[in-house]
Amino acid sequence: MIRAEIIGTGSYIPEKTLTNKDLEKMVDTSDNWITKRTGIKERHIAAGDQASSDLAVEAAKKAIADAGIDKDEIDIIICATITPDMVFPATACQTQKKLEIKDVAAFDVEAACTGFLTALAIADSMIVSGNFNKVLVVASEVLSRITDWDDRQTCVLFGDGAGAAILSATDEDRGIMSSYLGADGNYDNILHLPAGGSKLPASQETVKEGLHYMKMEGRETFKIAVKKMAQSVRIALKKAGLTIDEIKMVIPHQANMRIIKALAKRLKIDIEKVFVNIQDYGNMSAATTAVGLDEALRGGNISEGDIIQLVAFGGGLTWGSITVKI
Ligand code: UT7
């Protein structure tokens, strides 16, 4: 039986930090409010000349080196992002160009914060079908470009970053064991970026009204996030024939520390079993779970033979969970 195993990971976080104290000077907020209500202490902001593909390339290079493969062994590049370099061509194609990997297929996945998990599930299917052997999955976001820096309800939450993983076919007992993805488009108005698409093209009016920035109804999103993430973990575990006790670590999307704690409570697991880095990066949308996976591996939280659970939730609304044996 062919499985897709993760043979290398990498991440890239832009150098510049934006602390809660910095935000106190920009909007009517406080370090105390942000820390208590979200768990975030700082986030990173891409340099002016960095687009999503630039972050993706740095993360991908590290993942390729970690996997110990030649970049030309990669047969397809999938990039998860809601902040593409441009509407088209795909950021995956820009990443391919910059990595100088000639002619391989490349496309983007847009599933907001569930993007990395969606891309992993696609890569898994492509490998299991026997059509592809080595897949570069990269999640990259420059959310600072779609953030309204005058809106205290959103600007304190998000940051920039990228994470990548190389998936490879194996016939050994490891790799992606199960995946579950879900969505509900009826919630399109609680977390969205209204303008710049075919529905509401860019105009002087849309710019004046700030419609090219992310909008979120936090409280409503919060409630659904907790419910759907817990449900996703249960479904993916059931598909894998496992119980939560067999999971070494849960690596969740990092939108709010209170969501992460509520998830742990619903799953009846100790918070120590849940990977947390929200304090350093805030919410990096699709990149969050990719960076979390890389940091959990690099920091020794998880190692070969461990079974882990990735889980995410985001705009769409979308949600999902993936069980992986390292
Ligand atoms: O990644 C995609 C998924 N995203 C999420 O899952 C995010 C889910 N939502 C959340 O994490 C939380 O709802 C937020 C962090 C966005 C907001 O926290 P909350 O505890 O739900 O706050 P709230 O929206 O209920 O607002 C409580 C109060 C309000 O003031 P009043 O009306 O009680 O006077 C807000 O105006 O906090 C105020 N407030 C702030 N105060 C200081 C909102 N943002 C801020 C702020 N600084 N940055």
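This brings us to the domain arrangement of the protein. Partitioning the protein into structural domains gives domain 1 (3–172) and domain 2 (177–325). Centre-to-centre separation of domain 1 and domain 2, based on C-alpha positions: 14 Å. Contacts between domain 1 and domain 2 engage 44 residues on the former and 41 residues on the latter. When the buried area of domain 1 at its contact with domain 2 is split by residue, Cys113, Leu117 and Ile146 rank highest and sum to 18% of it. Inspection of the domain 1/domain 2 interface yields one salt bridge. Between Asp66 and Arg298 there is a salt bridge; the shortest N-O distance is 3.7 Å. Inspection of the domain 1/domain 2 interface yields 18 residue pairs in polar contact (both at pLDDT 80 or more). The set of elements that each furnish at least two residues to the side of domain 1 that touches domain 2 consists of β1 (3–12), α2 (31–38), β3 (42–45), α5 (115–128), β6 (134–141) and β7 (161–170).

Within the secondary structure, Thr154 sits in helix α6 (residues 152–155). Take Thr154: its relative accessible area is 2%, and that puts it in the buried class. Look past the residues within four positions of Thr154 in its chain and what remains in contact with it is Asp148, Met214 and Met216.

Contacts to the ligand come from 23 residues, most closely from Thr29, Arg37, Arg219, Asn256 and Asn283. With respect to the ligand, the side chain of His253 contributes an N or O atom lying 2.9 Å from an oxygen atom. Taken by itself the ligand offers 940 Å² of open surface, and the protein chains cover 76% of this. Looking at the shell around the ligand, the elements with two or more residues in it are α2, α6, α8 (218–240) and α9 (257–267). Residue contributions to the shell around the ligand peak at four residues, all from α8. Split into classes, the residues belonging to the shell around the ligand amount to 10 nonpolar, eight polar and five charged. For the shell around the ligand, the two domains that each supply at least three residues are domain 1 (3–172) and domain 2 (177–325).

A few words on the sheet that holds β7. Taking strand neighbours across the sheet as the criterion, the five strands line up as β1-β7-β6-β4-β5 in an open arrangement whose pairing is mixed. Edge positions in the sheet fall to β1 and β5 (105–109), since each has one partner strand and no second. Strand after strand, the sheet turns through a mean of 20° between neighbouring axes, direction not considered. The pairing of β6 with β7 spans eight bridges and is antiparallel. Paired with Val138 across the bridge in β7 is Ala164. Packing of helix α4 (residues 91–99) onto the sheet brings it into contact with β4 (76–80), β5 and β6, and relative to β5 it is tilted by some 140°. Contacts between α5 and the sheet are confined to β1, β4, β5, β6 and β7, with β4 contributing the most and set at about 160° to the helix.

Moving on, we come to the pairing of strand β11 (residues 249–252). Residue alternation in β11 divides its side chains into two sets, Met249 and Ile251 and Val250 and Pro252, and both sets are buried. Examined bridge by bridge, β11 and strand β12 (residues 307–314) share four bridges and lie parallel to one another. Within the sheet, the bridge partner assigned to Pro252 lies in β12 and is Val311.

What follows is about the nonpolar core. Among the nonpolar cores identified, the biggest contains 43 residues, and Ile244, Ile247, Leu267, Ile269, Phe313 and Leu317 are the most heavily contacted of them. Among the secondary structure elements, those contributing two or more residues to this core are α8, α9 and β12. For this core, the leading source of residues is α8, giving nine residues. Looking at this core, you find at least three residues from each of domain 1 (3–172) and domain 2 (177–325). For Ile244, the contacting residues outside a window of four places in its chain are Val233, Leu237, Val250, Leu267, Ile269 and Lys273. By size, the runner-up hydrophobic cluster in this structure holds 35 residues, among which are Met126, Met249, Ile251 and Phe275.

On to the sheet that holds β11, then. Spatially, the four strands line up as an open sheet ordered β8-β13-β12-β11, and their pairing is mixed. Strands at the two margins of the open sheet, each flanked by one partner only, are β8 (175–183) and β11. For this sheet, the mean angle separating the axes of adjacent strands, direction not counted, is 15°. α8 rests against β8, β12 and β13 (318–325) of the sheet, and its axis sits at about 145° to β12. The strands that helix α11 (residues 286–298) touches are β11 and β12; relative to β11, the one it contacts most, it runs at about 145°.

Quick notes on the rules
- Residues numbered from 1 in each chain as written.
- Predicted model: local features only at pLDDT ≥ 70, side-chain atom pairs only at ≥ 80, totals over all residues.
- Heavy atoms only, no water.
- Domains from an automatic or database assignment.
- Contact = heavy atoms within 4.5 Å.
- Buried area = accessible area lost by both parts, 1.4 Å probe.
- Salt bridge = Lys/Arg side-chain N within 4 Å of Asp/Glu carboxyl O.
- Polar contact = N/O pair within 3.5 Å; in protein donor to acceptor, adjacent residues only side chain to side chain.
- Helix = DSSP H or I, 4+ residues; strand = E, 2+ residues; numbered from the N terminus.
- Buried < 20%, exposed > 50% of the residue type's maximum accessible area, 1.4 Å probe, protein only.
- Near = heavy atom within 4 Å.
- Areas by Shrake-Rupley, 256 points an atom, 1.4 Å probe, with all protein chains shown as cover.
- Nonpolar A, V, L, I, M, F, W, Y, C, P; charged D, E, K, R; others polar.
- Pairing = 2+ DSSP bridges.
- Axes fitted to C-alpha atoms, helices over the stretch in contact; angles between N-to-C directions.
- Core = buried A, V, L, I, M, F, W, Y, C linked by side-chain atoms within 4.5 Å.

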